[in-house]
Amino acid sequence: MVSFNSSTNRPFLLTGFPGLEDSHPVISILFCALYLIAFLGNSAILVVIRVEESLHAPMYLFLSMLAASDLGLCASTLPTLLQLFWFNVPEIAFDACLTQMFFIHVFSLMESGILLTMAFDRYVAISNPLRYTTILTNATIAKIGVGILMRAVAVIFPVPFLIKRLAYCKPNVLSHSYCLHPDIIKLSCSDHRINSIYGLVIILITFGLDSVLILLSYMKILITVLSIASREEQFKALNTCVSHICAVLLVYVPMLGVSIIHRFGKHVPAVVHIIMGYVYLLVPPVLNPVVYCIKTREIRTRILGNLLKM
C-alpha cells in the first residue's frame, strides 16, 4: 500500500452536505446571511466602542476583544466554505488546511479565554465596585489581551508539526467545509495517539479550566449578590451578568453537543454531525452581537443612534 505524508503536498477534500451537492448554491445563501450578520454585528460593536469614549470601560473593552475573536473565527472559515458551496472546488492544499486549522483553533481558544476574563470583570465590578477601574486599568486589560493571545498561539503552535509527521494512505476526505484537528488526524493511517493525547490536554487546560473558573466566578458573584440587602440592587447586579451568561452558553452548549455526538453518536446520521459542526462555529459569532445589542442599553442606543443619522 502506498503511503502519503505531508511532503507530497497531497490535498484534502472538503465536504459540504453529501447527497445535496446540487443544492449547495441555495444552501450557501443561508450561510452568507449568517456570515453577513456576524460580520456586520461584530464590526458595529467594535466601531461603536472605538468611537464612543464613554464605552472605554473594562466591560466594553473585553466585549470588543470578543467581537474581534468572533470576526477572526468567521474570516478563518468563510474562504473554504465559499470555495466549496459557490465554486464547487473541494480541494484544499495540505499546508493551507493546516493554516486554516491553526487559526480556527487559536480564535476558538481566545474566545474561551475572553469569556473567562469577562466573568472576572463581572466579579470585580460587583464585589469591589469602588476599586473596579483601578484594578482593571487599560494597561492591565492590554496585558490580559496579550496573555490570551499568547496562550492560544502557544498551545496550538505544535499541532501542525505533530500533524506533519503523520502518514496518509487513504482518501483525505474531511467531514466539513473547513479543517479541524480531530478531523485531520482521523484520516491518518499511522499512529496518531500523540496527537489525540495532546488534543485532549489542550481541551482540559483551556476550555476545561476556563469553564471551571467561570463557574467559580459566578458562584462568588452569587454569594456577593445574596449579601446585598436590597432586592432591587440584587436584581440590578445580576442583570449586568445576563449578556455574559448568554455568551458563555452560546459557546459551551454547542461545544458540549458536538463532543457528545462525536463520542456517543456513531449511529447518528452524518448530516447531524455536519450541522452541529456549523452550529458550533457559527452560532457564537452570529448571536453574540445580537445578545449584547438587546441586553446592553449603551451598545443598543449608540448603534441605533448611528443608524438613524445615516
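Residues numbered from 1 in each chain as written. Predicted model: local features only at pLDDT ≥ 70, side-chain atom pairs only at ≥ 80, totals over all residues. Heavy atoms only, no water.

Chemist: Just to check I follow, could you spell out the side chain of serine 177 for this structure?
Modeler: Inspection of the secondary structure assignment puts serine 177 in the loop between strand S4 (167-168) and helix H7 (181-186). Among the residues examined, serine 177 registers a relative accessible area of 0% and is labelled buried. A polar contact of 2.7 Å, which involves the side chain of serine 177, links it to the side chain of tyrosine 278. Leaving out residues up to four positions away in the same chain, serine 177 has contacts with Leu14, Thr15, Thr80, Leu81, Leu84, Phe85 and Tyr278. (Helix = DSSP H or I, 4+ residues; strand = E, 2+ residues; numbered from the N terminus. Buried < 20%, exposed > 50% of the residue type's maximum accessible area, 1.4 Å probe, protein only. Polar contact = N/O pair within 3.5 Å; in protein donor to acceptor, adjacent residues only side chain to side chain. Contact = heavy atoms within 4.5 Å.)

Chemist: It is not clear to me how the nonpolar core should be interpreted in this structure. Could you clarify?
Modeler: A general tendency of soluble globular proteins is for nonpolar side chains to be buried together. Within the largest apolar cluster, 86 residues are counted, with the highest numbers of intra-cluster contacts made by Phe12, Phe31, Leu63, Leu115, Ile163, Ile184 and Ile299. With 18 residues, the single largest contributor to this core is helix H3 (residues 94-127). Setting aside anything within four residues of it in sequence, one finds isoleucine 299 in contact with Ile45, Ile49, Leu55, Tyr60, Leu63, Tyr292 and Cys293. (Core = buried A, V, L, I, M, F, W, Y, C linked by side-chain atoms within 4.5 Å.)

Chemist: Even after reading the chapter, I still don't get a nonpolar patch on the surface, so can you show me in this structure?
Modeler: The grouping of Leu209, Val212, Leu213, Leu215, Leu216 and Met219 at the surface amounts to a nonpolar patch, some 530 Å² of accessible area in total. With respect to the helices and strands, the residue valine 212 is situated in helix H8 (residues 193-226). (Patch = residues over 30% accessible without salt bridge, like charges linked within 9 Å, V, L, I, M, F, W, Y side chains within 5 Å. Areas by Shrake-Rupley, 256 points an atom, 1.4 Å probe, with all protein chains shown as cover. Salt bridge = Lys/Arg side-chain N within 4 Å of Asp/Glu carboxyl O.)

Chemist: What exactly am I supposed to notice about helix H5 (residues 138-156) here?
Modeler: Side chains of residues three or four places apart in an α-helix project in the same direction, reflecting 3.6 residues per turn. The first and last C-alpha atoms of H5 sit 27 Å apart over 19 residues, in line with the 27 Å expected at 1.5 Å per residue. Those residues of H5 that fall on the buried side of the exposure criterion are Ile141, Gly145, Ile148, Ala152, Val155 and Ile156. Buried residues of H5 fall within an arc of 120 degrees about the axis and therefore sit on the same side. Exposed side of H5, more than 90 degrees from the buried face: Lys143 and Met150 are the residues found there. Buried positions along H5 lie against helix H2 (58-85), H3, helix H6 (158-164) and H8. (Expected span 1.5 Å × (residues − 1). Arc of directions from axis to C-beta.)

Chemist: Whenever I open this one, the side chain of aspartate 183 confuses me. Can you help?
Modeler: Turning to its location among the elements, aspartate 183 is positioned in helix H7. The class of aspartate 183 is buried, set by a relative accessible area of 5%. In this structure aspartate 183 touches Leu174, Ser175 and His176, once residues within four positions along its chain are discounted.

Chemist: Where do I start with the UniProt feature "transmembrane region" (unreviewed entry) in the protein in this structure?
Modeler: Under the present numbering, the feature "transmembrane region" (unreviewed entry) in UniProt falls on residues 26-49, 61-82, 102-120, 141-163, 197-216, 237-264 and 270-294. When the span residues 102-120 is considered, its composition is 100% helix and 0% strand, and the gap between its end C-alpha atoms is 27 Å. In this annotation, residues 197-216 is assigned 100% helix and 0% strand; the end-to-end C-alpha distance for the span is 27 Å. (UniProt positions renumbered as here; feature names shortened; annotations may be inferred.)

Chemist: Can you help me understand the environment of leucine 287 in this one?
Modeler: Looking at the element boundaries, leucine 287 is found in helix H11 (residues 270-295). Judged by its relative accessible area of 34%, leucine 287 falls in the partly exposed class. Considering only alpha carbons, one finds leucine 287 and alanine 247, 40 residues apart in sequence, at a separation of 8.2 Å.

Chemist: Got a minute to help me understand H8 in this structure?
Modeler: For H8, built from 34 residues, the straight-helix expectation of 50 Å at 1.5 Å per residue is met to within 8% by its first-to-last C-alpha distance of 48 Å. Considering bend angle alone, the principal kink of H8 is centred on leucine 204 and spans about 30 degrees. Inspection of H8 places Asn195, Gly199, Ile202, Thr206, Phe207, Asp210, Ile214, Ser217, Tyr218, Ile221, Thr224 and Val225 among the buried residues, and these make up the whole buried set. (Bend = angle between axes of the 7 residues up to and from the residue.)

Chemist: Honestly, the packing of H3 against H11 in this entry has me stumped. Any pointers?
Modeler: For any two helices packed against each other, one specifies the crossing angle of their axes together with the interaxial distance. Viewed as axis vectors pointing N to C, H3 and H11 meet at an angle of 35 degrees, and their least axial separation amounts to 12 Å. Considering how the two elements wind past one another, H3 and H11 form a crossing that is left-handed. Across the interface between the two elements, Ile104, Ser108, Glu111 and Met118 of H3 pack against Tyr280, Leu281, Pro284, Asn288 and Tyr292 of H11. (Axes fitted to C-alpha atoms, helices over the stretch in contact; angles between N-to-C directions. Left-handed = near helix turned anticlockwise from the far one by under 90°.)

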